[in-house]
Amino acid sequence: MAQALALAERGLFTTTPNPRVGCVIVRDGAVIGTGWHQRAGEPHAEVIALREAGARAAESTVYVTLEPCSHHGRTPPCTDALIAAKAARVVAACEDPNPLVAGQGIARLRAAGIEVDVGLMSDAARELNIGFVSRMTRGRPWVRMKIAATLDGKTALANGRSQWITSTEARRDGHAFRARACAVLTGIGTVKDDDPQLTVRDVATTRQPLRVLVDSRLEVPLSARILEGGNVLVAAAVEEGTRAAALAARGAEVLSIPNAAGKVELGELVSELGRRGVNEVHVEAGFKLNGSLVAAGVVDELVIYLAPSLIGESGRGMFNLPELTDLAARVQLSIRDVRQVGADVRIVARLAP
């Protein structure tokens, strides 16, 4: 199963909106077939592994990181392929949270006389597909927020300048998180201050995530680099036909999702991304939007790079959050990982559900 998980991870940047899945087929103590799902519409991991195993797959044990699918999507059901191959046993790391499967694949295999065991290394399998699980069970993607800050918690100078607070190694590591996401989200303030592209450049990938811009009043300049190459969704709180048409000509889609305060309704935006098949959202924004996203309750994870430097009280912080009068109301986190990346320290923390 560990080998199957390592295979599944090869699809980290490419399988969206599908889950990352790996498969290893064993017979008489030897591996006879391996496979991993590469991208939507292409063969699933089990099918690739069965092709490699050929007739030897009969009476084999199949290790797969996710319950085999039992429905017709872009490809036929993997359960049918396993039954036809006369596999003796299937070991799945976890059940598929997709309501179209959700135990039906396991039931079909058992009905065909194939022994099925579920749960081996399930935590690792779910972590690998945490966004897919989130979308299937909560109806919204997993939202991961990346922040680069000094040791005193400042993300930019008072004038908005932030390039570059952290090291080259930290920025490359951040691009790996970008690459695994289905969408990268930022705000108009960041676009005005830094004019970012928000593309993946420092790691090799064949897919660029959707770029999402929160821009309540449609202030983004048509010359902004984020608009280059299309594949951009602009979330606004106004309906301005002329401006929307100009952005459409630049390859951007404008979506109006206002709230009562005349801002973008962030919870609805995240839900809409889920409806569009987005599993993971990677946020790179300023302290105002960071705070608004946390306050809206849509952030699941923080990836914070702390540089060994200080800016001082005049600098911009990480989050613009309402003042608290009681410590019991503070946002609670659980630390998942701490490590050094280049000269910086990377902290991965999750917000309490």
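See above for the structure.
Notes on the structure follow. (Residues numbered from 1 in each chain as written. Predicted model: local features only at pLDDT ≥ 70, side-chain atom pairs only at ≥ 80, totals over all residues. Heavy atoms only, no water.)

1. Description of the overall build of the protein
Then comes step 1: A count of helical and extended segments in the protein gives eleven helices and 14 strands.
Then comes step 2: Here the C-alpha atoms of the protein give a radius of gyration of 22 Å, agreeing with the 20 Å that 2.2 N^0.38 yields for 353 residues.
Then comes step 3: The principal-axis extents of the C-alpha atoms in the protein amount to approximately 70 × 45 × 40 Å.
Then comes step 4: When the 353 residues of the protein are sorted by exposure, 50% land in the buried category.
Then comes step 5: Here the analysis covers contacts within the protein between residues at least 6 apart in sequence; of these, 69% occur between residues at least 24 apart.
Then comes step 6: Accessible area for the protein stands at about 16,000 Å²; split by element, carbon and sulfur atoms hold 51% of it. (Helix = DSSP H or I, 4+ residues; strand = E, 2+ residues; numbered from the N terminus. Rg over C-alpha atoms; globule rule 2.2 N^0.38 Å. Buried < 20%, exposed > 50% of the residue type's maximum accessible area, 1.4 Å probe, protein only. Contact = heavy atoms within 4.5 Å. Areas by Shrake-Rupley, 256 points an atom, 1.4 Å probe, with all protein chains shown as cover.)

2. Here's the deal with empty space enclosed by the protein
Then comes step 1: Scanning all chains against the criterion turns up one cavity of 30 Å³ or more.
Then comes step 2: Its volume calculated, the largest cavity comes out at about 60 Å³.
Then comes step 3: Of the residues assigned to the lining of the largest cavity, the class counts are three nonpolar, six polar and two charged. (1 Å grid on protein atoms, 1.4 Å probe; cavity = no way out; pocket = protein on both sides within 12 Å on 5 of 7 lines; lining within 4 Å. Points joined across faces, edges and corners; volume = space filled by probe spheres on them. Nonpolar A, V, L, I, M, F, W, Y, C, P; charged D, E, K, R; others polar.)

3. What to know about the pairing of strand β6 (residues 142-150)
Then comes step 1: Counting buried residues along β6, nine of its nine residues qualify, which places the element largely inside the surrounding structure.
Then comes step 2: Where burial is concerned, the two faces of β6 agree: the one with Trp142, Arg144, Lys146, Ala148 and Thr150 and the one with Val143, Met145, Ile147 and Ala149 are both buried.
Then comes step 3: Pairing geometry for β6 and strand β11 (residues 280-283), over four bridges, is parallel. Bridging across to β11, arginine 144 finds its partner in histidine 282.
Then comes step 4: Where β6 and strand β12 (residues 301-307) come together, seven bridges link them in parallel fashion. Each bridged residue has a counterpart across the sheet, and for alanine 148 the counterpart in β12 is tyrosine 305. (Pairing = 2+ DSSP bridges.)

4. Section: the pairing of strand β1 (residues 22-27)
Then comes step 1: Sheet analysis places β1 next to strand β2 (residues 30-36), joined by six bridges and oriented antiparallel. Along β2, the bridge assignment pairs arginine 27 with alanine 30.
Then comes step 2: Counted along the chain from β1 to the antiparallel partner β2, the turn is two residues long, and its residue aspartate 28 has a positive phi close to 55°.
Then comes step 3: In terms of strand pairing, β1 meets strand β3 (residues 61-64) through four bridges, oriented antiparallel. Bridge assignment links valine 26 to a residue of β3, and that residue is threonine 61.

5. Focus on unusual backbone geometry
Then comes step 1: For the bond running from threonine 16 to proline 17, omega is 5°, close enough to zero to count as cis.
Then comes step 2: Within the fold, proline 17 resides in the loop between α1 (2-8) and β1.
Then comes step 3: We note that glutamate 59 has phi near 65°; this positive angle belongs to a residue other than glycine.
Then comes step 4: A relative accessible area of 58% means that glutamate 59 is categorised as exposed.
Then comes step 5: One non-glycine residue, leucine 198, adopts positive backbone phi at about 60°.
Then comes step 6: Of note, leucine 198 is situated in the loop between α8 (188-194) and β8 (210-214).
Then comes step 7: Using a relative accessible area of 2% as the deciding quantity, one classes leucine 198 as buried.

6. Focus: the nonpolar core
Then comes step 1: In terms of nonpolar packing, the biggest core is built from 37 residues, with Cys23, Ile25, Val62 and Val90 touching the most fellow members.
Then comes step 2: Taken together, the elements giving at least two residues each to this core come down to α1, β1, β2, α2 (45-53), β3, β4 (89-92), α4 (104-111) and α5 (122-128).
Then comes step 3: One finds Ile257, Leu266, Leu289 and Leu293 within the second-largest nonpolar core, a separate group that totals 33 residues. (Core = buried A, V, L, I, M, F, W, Y, C linked by side-chain atoms within 4.5 Å.)

7. Concerning the layout of surface pockets
Then comes step 1: Estimates place the volume of the largest pocket at around 1,300 Å³.
Then comes step 2: Lining the largest pocket are 49 residues, with Gly187, Gly189, Thr190, Ala285 and Gly286 positioned closest to its centre.
Then comes step 3: Elements that contribute at least two residues to the lining of the largest pocket include exactly β6, α7 (168-180), α8 and α11 (287-295).
Then comes step 4: Considering every element that reaches the lining of the largest pocket, the biggest residue donor is α8, with six residues.
Then comes step 5: For the lining of the largest pocket, the class distribution of residues is 15 nonpolar, 18 polar and 16 charged.

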